[in-house]
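Results of the structural survey
For reference, the chains in residue letters:
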Amino acid sequence: MQKKSISSRAFWLIIVAGMTTGMGNGSVFGAAMMCLLGRGPFASWGGEGATAYDPATFTGFIDMAMIIFGIAFCIILAIGLKKHDALENA
């Protein structure tokens, strides 16, 4: 029986830890942007229903940034674990 790779054994860890860390950093990015720009460039706050995810609104831009940061961190974590597995099994 062949041993599974580290990244395949840690699939849910990659998803949960990557999205949690990435979305946390995305919210910090949104807070920094709010302090720097304010809401001026956005026509609407967009805090209710589907407008909360519309990138043309202020809240939607921050929510989309959080999702993008989360996906990016999942990819970074998966690449790191894949490289670690390659070094471990070399």
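Look a little higher up for the structure.
Residues numbered from 1 in each chain as written. Predicted model: local features only at pLDDT ≥ 70, side-chain atom pairs only at ≥ 80, totals over all residues. Heavy atoms only, no water.

Description of helix α2 (residues 11–37)
Over its 27 residues, α2 runs 38 Å from end to end, which matches the ideal 39 Å to within 8%, given 1.5 Å per residue. Considered for burial, the residues of α2 that qualify are Ile14, Gly18, Gly22, Gly26, Gly30 and Met33. In this structure, the buried side of α2 is in contact with α1 (6–9) and α3 (58–88). Once α2 ends, the next one or two residues include glycine 38, with phi positive near 75°. (Helix = DSSP H or I, 4+ residues; strand = E, 2+ residues; numbered from the N terminus. Expected span 1.5 Å × (residues − 1). Buried < 20%, exposed > 50% of the residue type's maximum accessible area, 1.4 Å probe, protein only. Contact = heavy atoms within 4.5 Å.)

Re the side chain of threonine 59
Within the secondary structure, threonine 59 sits in helix α3. Accessibility expressed as a relative area gives 17% for threonine 59, which makes it buried.

Brief notes about the environment of leucine 13
Locating leucine 13 in the fold gives a position in helix α2. On the basis of relative accessibility, which here comes to 55%, the residue leucine 13 falls in the exposed class. Sequence separation between leucine 13 and alanine 90 is 77 residues; the distance between their C-alpha atoms is 23 Å. Look past the residues within four positions of leucine 13 in its chain and what remains in contact with it is Gly18 and Leu77.

Thoughts on the packing of aromatic side chains
Tallied over the entire structure, the rule returns 2 aromatic pairs. Here the aromatic rings of phenylalanine 11 and tryptophan 12 are separated by 5.1 Å at their centres, their planes lie at 80°, and the arrangement is edge-to-face. Overall, the relative accessible area of 43% leaves phenylalanine 11 in the partly exposed class. The exposed category is assigned to tryptophan 12, whose relative accessible area is 61%. (Phe/Tyr/Trp six-rings, centres within 6.5 Å; stacked < 30°, edge-to-face > 60°.)

Brief notes about a nonpolar patch on the surface
There is a patch of nonpolar side chains on the surface, built from Phe11, Trp12, Ile15 and Val16 and spanning about 430 Å² of accessible area. On the basis of relative accessibility, which here comes to 51%, the residue valine 16 falls in the exposed class. (Patch = residues over 30% accessible without salt bridge, like charges linked within 9 Å, V, L, I, M, F, W, Y side chains within 5 Å. Areas by Shrake-Rupley, 256 points an atom, 1.4 Å probe, with all protein chains shown as cover. Salt bridge = Lys/Arg side-chain N within 4 Å of Asp/Glu carboxyl O.)

Quick word on α3
With 31 residues, α3 should reach 45 Å at 1.5 Å per residue; the first-to-last C-alpha distance of 45 Å fits that figure. Listed as buried for α3 are Phe58, Thr59, Gly60, Ile62, Asp63, Ala65, Met66, Gly70, Cys74, Leu81 and Asp85. Here the buried face of α3 lies against α1 and α2. Sitting at the amino-terminal end of α3 is threonine 57, which places a side-chain oxygen 3.1 Å from the backbone nitrogen of glycine 60. (Polar contact = N/O pair within 3.5 Å; in protein donor to acceptor, adjacent residues only side chain to side chain.)

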